[in-house]
Amino acid sequence: MLSRIRRLIFPPRDSSLARRLIPLVIVLAIPLIILLVIPATWQYSNSPEFCGETCHTMPPEYNTYLVSPHARVLCVDCHIGRGSIYEQFIRKAGHSKLIFDTLTDNYEFPIFVDTMRPARETCEMCHFPEKFSDDSLRAIHRFEDNEENDPYIIYLLMHTGGGTAREGLGRGIHWHIENTVEFVATDEHEQDIPWVRVTFNDGKTVEYTIEDSPVTADNVDDYDIQEMDCITCHNRISHMIPPPQSLVDNALSRGDISSSIPFIREQGVDLLAADYETSAEASEASLSLEDFYQDAYPEYYAENAEQIENAARLLEQLYAENNYPEQELDWMTHSNNIGHRDWPGCFRCHDGNHFSTEGEAVRLECNLCHSIPQIVYPGEIEPMLPLTTGIEPASHKETTWISRHHNELDTSCANCHTVSNPGGTSDTSFCSNSGCHGVDWRYANLDAPTLALNLGIEQEPAEPAPLLKDQPAQSVTYQDLQPLFEQQCAACHGDTPTKGLRVTDYDSLLAGSETGPVIVPGEPGESLLLDVLASGHFGNFTETQLGLVEQWIADGAPQGAAAEEPPAEEVATPVSYEDLQPVLEQKCGACHGESPSKGLRVTDYDSLLAGSD
């Protein structure tokens, strides 16, 4: 054998010309083959087809990748990272263990990735963190679980933001990337984050921890401190599996499933959300949809059998594209950190439970990232989307406001908001928004209707009688107007004055705001206060009240004599528990009596003092 190879490479001198050219052809062919074959092989090994179709464990990731926002981005750009061919070869060689594990079936389902290139070496090669993105409108189509499958749309204005503080930007959702936000996660999927540290532009750092956090300032160095980047939130951007509700709603909104089929939304979600052992079992279950309508709606089925059959086939297809029972994978397998409904997402930190040593919380406020959701049903004329203007009382800017706002409902809320059915879900007012209330915000413990019932505020606050309706215009002083200013304006311009304007005491009102006086005594036409109130300000003064303020300024804005101190009240007779027990029995005994809700029993003294769960 060796002698034949030797004669091929070194032919005898008396060989023909063609025979003597064979070694030269071989020498020239080898580099040519290297130049033609190796690059093509390298390129194919970097292609999505190689990643998704060669390996039998990859169909879930490959199918979701093909319909993702990154369907034109190579898999290796994220999983290997960009760089020279030498860098990529070394990184890819490090993945050789995965090939061995695949060939030897040394893996378990479901599969989770545990090695990714840093986002700053992958995502930020295309997406520039300092780029500022304007607000963008989202229209989310949803359907009710009723016979008519009533449609509605949730409108959200997303505050994507970004940019840098030096440009007057650095706000919105992408603020988290332009600034340094560090965290410690105590689980491998980064769903439990007990410790957060934020470094602000001025170099100040603030640490936030949950109650009973295992991570403290003393032992934080013992943990893996990570810096927030794109993947902290966009962890499933190329491999998203929507929940069953979204799959059915999208099919209905596109018209792929007819919304005229009774209860099809509810039936479709139930089919997709069921737990099946195999894909074949799921396919058989889709046939039960036709059985349901044959039994429950025989007349409708007789006239619309084709519609129902098409719906069953589409639901079967949707299940096959988004569920892989043999790999133990469905929409719940991998956490999706975008949003905060089905997974903790934003609420991993913005849950109202992370506090600094100064008692300030990581803000839990909808307006930070998006507008208040607006629910719009068919036939609604010119729906209004509430925007964030920044004009709000100081209380609304406190970091714990959203967690306690339901406790502070009073008549002053009506100065800015419609307040009928507060905490309800009728969408008849700002305070009865079904996009906020009645939703199981399981990761932030927000459930306004339950809270409203517990607090006894299921009815809207009573409107106060208009002040000064019988006040004669020729004798108005500040002391006459002060109760009006207190009632209508104090929420924003009281003890914590917005823009420096405090109207609840005479001297402060005359001093004006940060930009100067708002009242020119004797000159109503030059007084900014009147212009603002007349233009439809939140104060909502009646015409009579506004006329009295104008007359007061025209008369020189006199202070008037302060009201006399009210006489001291008589000391009340001491009240004992025995005096209150019949009232507690009557009003509270149904829930907090013999079968105490949440462990709170108020119908005997010792149990009441012991408290609840």
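Residues numbered from 1 in each chain as written. Predicted model: local features only at pLDDT ≥ 70, side-chain atom pairs only at ≥ 80, totals over all residues. Heavy atoms only, no water.

### Observations concerning the overall build of the protein
Phase 1: Summing up its helical and strand segments, the protein has 22 helices and nine strands in all.
Phase 2: Here the C-alpha radius of gyration of the protein, 34 Å, is well above what a compact globule of 613 residues would show, namely 25 Å.
Phase 3: A total of 613 residues make up the protein; the buried ones form 35% of that total.
Phase 4: Within the structure as shown, the protein displays about 36,900 Å² of accessible surface, and the carbon and sulfur contribution to it stands at 55%. (Helix = DSSP H or I, 4+ residues; strand = E, 2+ residues; numbered from the N terminus. Rg over C-alpha atoms; globule rule 2.2 N^0.38 Å. Buried < 20%, exposed > 50% of the residue type's maximum accessible area, 1.4 Å probe, protein only. Areas by Shrake-Rupley, 256 points an atom, 1.4 Å probe, with all protein chains shown as cover.)

### A short note on the layout of surface pockets
Phase 1: Taken as a whole, the second largest pocket holds about 860 Å³ of empty space.
Phase 2: Mapped by element, the contributors of at least two residues to the lining of the second largest pocket are helix H17 (478–493) and helix H19 (528–534).
Phase 3: When residues in the lining of the second largest pocket are grouped by element, the largest group, seven residues, is from H17.
Phase 4: Of the residues contributing to the lining of the second largest pocket, the split by class is 18 nonpolar, 15 polar and eight charged. (1 Å grid on protein atoms, 1.4 Å probe; cavity = no way out; pocket = protein on both sides within 12 Å on 5 of 7 lines; lining within 4 Å. Points joined across faces, edges and corners; volume = space filled by probe spheres on them. Nonpolar A, V, L, I, M, F, W, Y, C, P; charged D, E, K, R; others polar.)

### Topic: the environment of Glu188
Phase 1: Its location among the elements puts Glu188 in the loop between strand E5 (180–184) and strand E6 (195–199).
Phase 2: The exposed category is assigned to Glu188, whose relative accessible area is 72%.
Phase 3: Separated by 235 residues in sequence, Glu188 and Gly423 have C-alpha atoms that sit 37 Å apart.

### Notes on the confidence of the model for the protein
Phase 1: When pLDDT is averaged along the protein, the result is 84; 91% of the residues meet or exceed 70.
Phase 2: No element of the protein has a lower mean pLDDT than helix H16 (residues 448–455), which averages 44, and none a higher one than helix H10 (residues 244–254), which averages 96.
Phase 3: Confidence drops under a pLDDT of 50 for residues 448–461, and excluding neighbours within four residues, the segment shows 30 contacts in the predicted structure. (pLDDT = per-residue confidence, 0-100. Contact = heavy atoms within 4.5 Å.)

### Remarks on the packing of aromatic side chains
Phase 1: Counted according to the given criterion, the structure contains 16 aromatic pairs.
Phase 2: Residues Tyr107 and Phe109 carry aromatic rings whose centres are separated by 5.5 Å and whose planes lie at 70 degrees to one another, so their mutual orientation is edge-to-face.
Phase 3: For the pair Tyr152 and Tyr377, a centre-to-centre distance of 5.4 Å together with 35 degrees between the ring planes defines the contact as tilted. With a gap of 225 residues between them, Tyr152 in strand E3 (residues 151–158) and Tyr377 in the loop between strand E9 (374–376) and helix H15 (401–404) connect regions that are remote in the sequence.
Phase 4: Since its relative accessible area comes to 30%, Tyr377 is described here as partly exposed.
Phase 5: Taken together, Tyr478, Phe485, Tyr506, Phe541 and Trp552 form an aromatic cluster joined through their ring pairs.
Phase 6: A cation over an aromatic ring shows up here: Lys92 above the ring of Trp42, its NZ or CZ 4.4 Å from the ring centre. (Phe/Tyr/Trp six-rings, centres within 6.5 Å; stacked < 30°, edge-to-face > 60°. Lys NZ or Arg CZ within 6 Å of the ring centre and 35° of its normal.)

### What about a negative patch on the surface?
Phase 1: The grouping of Asp275, Glu277, Glu281 and Glu284 at the surface amounts to a negative patch.
Phase 2: As for its position among the elements, Glu277 is in the loop between helix H11 (264–273) and helix H12 (279–286).
Phase 3: The exposure class assigned to Glu277 is exposed, which follows from its relative accessible area of 62%. (Patch = residues over 30% accessible without salt bridge, like charges linked within 9 Å, V, L, I, M, F, W, Y side chains within 5 Å. Salt bridge = Lys/Arg side-chain N within 4 Å of Asp/Glu carboxyl O. Lys, Arg positive; Asp, Glu negative; His and termini not counted. Charge placed at Lys NZ, Arg CZ, Asp CG, Glu CD.)

### Regarding the side chain of His370
Phase 1: Inspection of the secondary structure assignment puts His370 in the loop between helix H14 (298–322) and E9.
Phase 2: Judged by relative accessible area, which is 12%, His370 ranks as buried.

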